[in-house]
Amino acid sequence: MKQMIRWPGLLAFVVVFGGIALLLSIFLEPLAKTALQSTLTRLNGAEVNIAEVEIQRAPFAVTVKGLEMTDPQTPELNRLQVTTLRAEVAFLELLIGRVHIQDLTAAGVRFAQPRASAGAVRTREPAQDQQNWRERLESFDIELPSTESVLAGANIQTPALIEQVETQFKEREAQFNTAREQLPSTEKVEEYQQRIETILDSKPSNARELLAAREALKEIKDEIEADRERVREFLAVARGTLEATQQDVRAIRQASEQDLARAQELLRFDPQALTELSGILFGQKVEQWAQYGLVAFDFIAPMLNRAQQEQQSPSRWEGRYIEFDGATQPTFWLKNAAFDVILEPQNATPVSIAASLKDLTWQHDRIGRATTFAVNNDSAPWWQELALSGDFYVNAGGDIRGAQRWQLAGAALNNLQLIEQTEFAAQLTEALLNSQGEIALNAGVLSGGGALDFSSVDFGTGGESSWARYFEQALDSVQAFDIQLGISGEMASPQFQIGSNLDNQLASSLQNMAQQEASDRLAEVRASLNARTEGVLSELRPWLERAEALQAQGVATEDIFAELLRSEVGDVVDAERERLLRRLGERLGGGG
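Residues numbered from 1 in each chain as written. Predicted model: local features only at pLDDT ≥ 70, side-chain atom pairs only at ≥ 80, totals over all residues. Heavy atoms only, no water.

## Examining the overall build of the protein chain
Right, on to step 1. Looking only at helices and strands, the protein chain has twelve helices and 14 strands in total.
Right, on to step 2. Considering only residue pairs separated by 6 or more positions, the protein chain has 69% of its internal contacts joining residues 24 or more positions apart.
Right, on to step 3. Counting only carbon and sulfur atoms, one obtains 52% of the accessible surface of the protein chain, whose full area is about 32,100 Å². (Helix = DSSP H or I, 4+ residues; strand = E, 2+ residues; numbered from the N terminus. Contact = heavy atoms within 4.5 Å. Areas by Shrake-Rupley, 256 points an atom, 1.4 Å probe, with all protein chains shown as cover.)

As structure tokens, then:
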């Protein structure tokens, strides 16, 4: 009988198989490190670095050290950083292409940590269209313009009008003075009256004396007519000059009032300019806190969704993947996980909190329950209670739904830097924070929000901007406030809406301070305009009084001339007629 075992063949098999096993034992960990880095980079959408991978054979477990996952939105930061991660993997499930992790523990979990160098981004996620609070601060300016700036920038018309009026008045004044110099003097008018009275009292006795008297009256009439024409010319010039000057006075006063109204409008403090003050101060910080709170939705769920899509659309070069027992067992299933998360608040002692996660998969319909996660910690030195819990479920169609709740009580905040810029810096020196809220996730869309209540508040401010003092005074009056946080939008790019009664508190204080300063500035503008207006009006008003008096004198003179011209010739004739009638009567009487 031939030998049943062919020893040369068996020996060759043992040598080949042993060689393969030896090579795997030597290179298994480097190969596993490379495979993990490649897979996690693909799922993360950005570079993933692993310092070391260790594999334990019984029970089968993988230990990852120095895990750093780049944030696709901010490649200079790690969205997740883990000191040590250990996973106990079901080896038999792994052989048939399924990753079932019974227990996973992670120590030294940190978020938003700086990288030694920016990580490579494989697929950049859509940028979040959030309010840029820095730009909002740069555009915020409640500094009121100076008096000089108002006079220069409010389209002030009074000074130019005054210059125009002064130029025109000098021309009209010269015309007025020239016309006034042509007026007959009072003595000349009295001379005319005396000369006419002399002629009237002369009582001509014959025709020759009558003709002489009439010639003398005619000469006086010609002189009076000439002077009367000069008076009329003066009155015409006077009327035009007075009307124009009075119109200028009214125009100056009206321009001054309009300029003051424009200055008041320029100095008007618009309360709408004081919106979103809470967003300017707390927007960036609250959004950062919210991102930490949404880590499960913002990080784990998208990675699962991406893994599901890649499984459903394998590369044609990878061949056809046949899943055994695909109806009851998920391809990936993390049954239990415990995390030691380290929080490093600004200006506070780092705190380690415990977090747990159960049933992490993207095939929840196969296990019949949702992924749940929770954080509970009541022993931190700077809060009294912290509770966070939630769940999410990915259906067969790839839609994600879930919910998350949080409760924070008695959190002590100290020296929390809110804004740090050259123009303005602000910090929350101390405060107590209570917060609670709930967020829902439906078909990948977030909704919900929460409230943050601040009490025992004290702020510190500084900055080179001249309006920083407004904030300092306004914030000194704030003792407590609340912030209402709304969350909406796609899961990968949540949108945050911030509202607060702090806006009303600060707006009221800032508006009162600004209005008071605006009143002071307006008084300065009014004084400046009044000084310029009264300067020219103080010259025009006395001149107008004198001009009106001269006009009245001219009118009186013209009336005298009219009276003299009406009576001079007729009086001589009447006197001669009376003389002749008297003589005729005497003769007739004597003859009788």
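## Quick notes on helix H11 (residues 468–476)
Right, on to step 1. When H11 is considered as a whole, its buried residues turn out to be Ala-468, Tyr-470, Phe-471, Ala-474 and Leu-475. Seen from one end, H11 has its buried residues packed into an arc of 150°, which puts them on one side. (Buried < 20%, exposed > 50% of the residue type's maximum accessible area, 1.4 Å probe, protein only. Arc of directions from axis to C-beta.)

## A short note on helix H6 (residues 186–202)
Each α-helix winds once per 3.6 residues, and so residues spaced three or four apart point in a common direction.
Right, on to step 1. If you check H6, its first and last C-alpha atoms are 24 Å apart, about what 17 residues at 1.5 Å a residue would give, namely 24 Å.
Right, on to step 2. All of the buried residues in H6 are Val-189, Tyr-192, Ile-196 and Ile-199. Taken end-on, H6 shows its buried residues confined to a sector of 90°, consistent with a single buried face. In this structure, H6 carries Glu-187, Gln-194 and Asp-201 as exposed residues pointing more than 90 degrees from its buried face. (Expected span 1.5 Å × (residues − 1).)

## A closer look at the pairing of strand S1 (residues 48–57)
Right, on to step 1. Where S1 and strand S2 (residues 60–70) come together, nine bridges link them in antiparallel fashion. Opposite Gln-56, over in S2, you have Ala-61 as the bridge partner.
Right, on to step 2. Joining the antiparallel neighbours S1 and S2 is a turn of two residues. (Pairing = 2+ DSSP bridges.)

## Here we look at the packing of aromatic side chains
Right, on to step 1. Per the counting criterion, the structure on display carries five aromatic pairs.
Right, on to step 2. Taken together, a centroid distance of 4.6 Å and an interplanar angle of 15° make the contact between Phe-454 and Phe-481 stacked. In this pair, Phe-454 is assigned in strand S12 (residues 445–462) and Phe-481 in strand S13 (residues 481–490), connecting sequence segments 27 residues apart. Across the pair, Phe-481 and Phe-454 agree in class, each one buried.
Right, on to step 3. Every member of this aromatic cluster is reached through a ring pair, and the members are Phe-454, Phe-459 and Phe-481.
Right, on to step 4. The cationic tip of Lys-335 hangs over the ring face of Trp-333; the distance from NZ or CZ to the ring centre is 4.6 Å.
Right, on to step 5. A cation sits over an aromatic face here: Arg-401 above Tyr-393, 4.5 Å from the ring centre. (Phe/Tyr/Trp six-rings, centres within 6.5 Å; stacked < 30°, edge-to-face > 60°. Lys NZ or Arg CZ within 6 Å of the ring centre and 35° of its normal.)

## Concerning the nonpolar core
Right, on to step 1. Among the nonpolar cores identified, the biggest contains 77 residues, and Phe-282, Leu-428 and Phe-454 are the most heavily contacted of them.
Right, on to step 2. The dominant element in this core, judged by the number of residues it contributes, is strand S10 (residues 400–420), at eight residues.
Right, on to step 3. Here Phe-454 is in contact with Phe-282, Trp-289, Leu-413, Leu-428, Ala-431, Leu-432, Leu-433, Ala-480, Phe-481 and Ile-483, once residues within four sequence places are set aside.
Right, on to step 4. Within the second largest apolar cluster, 32 residues are counted, among which are Tyr-192, Ile-196, Ala-238 and Trp-543. (Core = buried A, V, L, I, M, F, W, Y, C linked by side-chain atoms within 4.5 Å.)

## Some details on the side chain of Thr-371
Right, on to step 1. Positionally, Thr-371 belongs in strand S8 (residues 371–377).
Right, on to step 2. From its side chain, Thr-371 meets the backbone oxygen of Asp-359 in a polar contact 2.5 Å long.
Right, on to step 3. Within polar-contact distance, the side chain of Thr-371 engages the side chain of His-364 at 2.6 Å.
Right, on to step 4. The contact partners of Thr-371, leaving out residues within four places of it in the chain, are Leu-357, Lys-358, Asp-359, Leu-360, Thr-361, His-364, Gly-390, Asp-391 and Phe-392. (Polar contact = N/O pair within 3.5 Å; in protein donor to acceptor, adjacent residues only side chain to side chain.)

## Examining the side chain of Asp-482
Right, on to step 1. Within the secondary structure layout, Asp-482 lies in strand S13.
Right, on to step 2. A polar contact of 2.9 Å, which involves the side chain of Asp-482, links it to the side chain of Asn-501.
Right, on to step 3. Contact partners of Asp-482, with chain neighbours within four places excluded, come to Leu-452, Asp-453, Gly-499, Ser-500, Asn-501 and Leu-502.

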